Amino acid sequence: MRTVPRWVLFTSGCAPILLIGGWAIAALLMGPAYDPSTDTISVLGSYGASGFWVMNGAFLALGLCHLLTACGLRAASAAGRLALGGGGLAAFAVVLLPAPSSGGSLRHGTVAVVGFTLLALWPVLAIDGDGGAPWALRPAPSITATVLMAVGGAWFLLEMTRDGAAGVAERVVTFAQSLWPFVVVTSCLSRSGRRDEGAGRRR
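None of these values were measured; they are calculated from a predicted model.

Enquirer: Is there a simple way to think about the layout of surface pockets in this case?
Expert: If a probe as big as a water molecule is rolled over the atoms, it shows which places are left empty. Looking at the largest pocket, its volume works out to about 890 Å³. Forming the walls of the largest pocket are 39 residues, and the residues nearest its centre are Ser42, Ala112, Val113, Phe156 and Glu170. When contributions to the lining of the largest pocket are tallied by element, the ones reaching two or more residues are α2 (41–44), α3 (52–72), α4 (78–96), α5 (106–125), α6 (139–161) and α7 (166–202). Per-element tally for the lining of the largest pocket: the top contributor is α5, with eight residues. For the lining of the largest pocket, a count of residues per class yields 19 nonpolar, 18 polar and two charged.

This is the structure in structure tokens:
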């Protein structure tokens, strides 16, 4: 198994922190007019929103984290790393094409869907067929992660169509997508550490 540098633990670990911090601070700046249970994250980064720069800054930082993690996560397959990096680029595109202050935007919606799809697929694309692979790169956990993210996406769409708790659904699935790279990196470094300990004892 190819080694994963320890700095990837930092880039992957910062992703969920930056995302949550961004939407929390931006929501505070928006005030009571913003309802996090029903309003989407895109509202926080829309034109004219009080938290515009905070939320879009968080999106940029999140995208950079995903790109750097994809570069350093050498234990994952190339297809998975490309999908993760593509998800990071999609975060940049969301900033370049923010939602309007009112109504929808086909361009913004399209890049958001592309980003979600790439980040939902990357766990299963990153599977390492080696029997000694870290547990988070094995078929069962990877497929489970992708399925759960897909279910989360369907939940979000359902809430959007019935004007329900779309904000809650979106936060759950985006948090899961931002956290999974950290889970994978942790499993890779843990596997590497156990292997090094075993080699040291054999000496």
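From this point, things continue past the structure.
Enquirer: Is there a simple way to explain the nonpolar core in this structure?
Expert: Proteins that are soluble and globular tend to have nonpolar side chains buried together. Formed by 21 residues in total, the largest nonpolar core has its most connected members in Val4, Leu73, Trp122, Leu137, Trp180, Val184 and Cys188. Elements with a minimum of two residues in this core: α4, α5, α6 and α7. At five residues, the largest contribution of residues to this core is made by α7. Each residue touching Trp122, except ones within four places of it in the same chain, is listed here: Leu73, Gly80, Ala83, Leu84, Trp180, Pro181 and Val184. Ala15, Ala26, Tyr34 and Ala58 belong to the second-largest nonpolar core, a separate cluster that totals 16 residues.

Enquirer: What is the right way to look at the state of the cysteines in this model?
Expert: Among covalent bonds in proteins, the disulfide is the one between the sulfur atoms of two cysteines. With the rule as written, the count across this model stands at zero disulfides. Take Cys71: it sits in no disulfide, and the sulfur closest to it among the cysteines is that of Cys65, at 12 Å. Given the relative accessible area of 52%, Cys71 is considered exposed.

Enquirer: What exactly am I supposed to notice about the packing of α3 against α4 here?
Expert: A pair of packed helices is characterised by two quantities: the angle between their axes and the separation of those axes. Packing of α3 against α4 brings their axes to within 8 Å, and their N-to-C directions diverge by 165 degrees. When the interaxial angle is binned, α3 and α4 end up roughly antiparallel. α3 and α4 meet at a crossing whose hand is left-handed. For the pair α3 and α4, the contacting residues are Asn56, Phe59, Leu60, Gly63, Leu64, His66, Leu67, Thr69, Ala70, Cys71 and Gly72 in the first and Arg81, Leu84, Gly85, Gly88, Leu89, Ala91, Phe92, Val94 and Val95 in the second. Here the contact of α3 with α4 is composed, by residue class, of 12 nonpolar, seven polar and one charged.

Enquirer: Help me out: how do you make sense of the side chain of Arg171 in this one?
Expert: Residue placement: Arg171 occurs in helix α7. Here Arg171 is buried and forms no salt bridge, its nearest opposite-charge partner Glu170 lying at an N-O distance of 4.8 Å. A distance of 3.2 Å separates the side chain of Arg171 from the backbone oxygen of Pro36, its partner in a polar contact. Contacts of Arg171, omitting those with residues within four sequence positions, involve Trp23, Tyr34, Pro36, Asp39, Ile41 and Leu44.

Enquirer: I'm lost on the packing of aromatic side chains in this one. Help?
Expert: Inspection of every chain in the model, using the stated rule, returns three aromatic pairs. With 6.4 Å between their ring centres and 15 degrees between their planes, Tyr47 and Phe52 make a pair best called stacked. Each ring, one from Phe52 and one from Trp53, has its centre 4.9 Å from the other, and the planes form 90 degrees; the classification is edge-to-face. By relative accessible area, which is 14% here, Phe52 ends up buried. The exposure class of Trp53 is exposed, given its relative accessible area of 72%. These aromatic residues form a ring-pair network of at least three members: Tyr47, Phe52 and Trp53. Arg171 extends its terminal NZ or CZ atom over the ring of Trp23, reaching a point 5.3 Å from the ring centre.

Analysis parameters
Residues numbered from 1 in each chain as written. Predicted model: local features only at pLDDT ≥ 70, side-chain atom pairs only at ≥ 80, totals over all residues. Heavy atoms only, no water. 1 Å grid on protein atoms, 1.4 Å probe; cavity = no way out; pocket = protein on both sides within 12 Å on 5 of 7 lines; lining within 4 Å. Points joined across faces, edges and corners; volume = space filled by probe spheres on them. Helix = DSSP H or I, 4+ residues; strand = E, 2+ residues; numbered from the N terminus. Nonpolar A, V, L, I, M, F, W, Y, C, P; charged D, E, K, R; others polar. Core = buried A, V, L, I, M, F, W, Y, C linked by side-chain atoms within 4.5 Å. Buried < 20%, exposed > 50% of the residue type's maximum accessible area, 1.4 Å probe, protein only. Contact = heavy atoms within 4.5 Å. Disulfide = S-S within 2.5 Å. Axes fitted to C-alpha atoms, helices over the stretch in contact; angles between N-to-C directions. Parallel < 35°, antiparallel > 145°, perpendicular 65-115°, else oblique. Left-handed = near helix turned anticlockwise from the far one by under 90°. Lys, Arg positive; Asp, Glu negative; His and termini not counted. Salt bridge = Lys/Arg side-chain N within 4 Å of Asp/Glu carboxyl O. Polar contact = N/O pair within 3.5 Å; in protein donor to acceptor, adjacent residues only side chain to side chain. Phe/Tyr/Trp six-rings, centres within 6.5 Å; stacked < 30°, edge-to-face > 60°. Lys NZ or Arg CZ within 6 Å of the ring centre and 35° of its normal.

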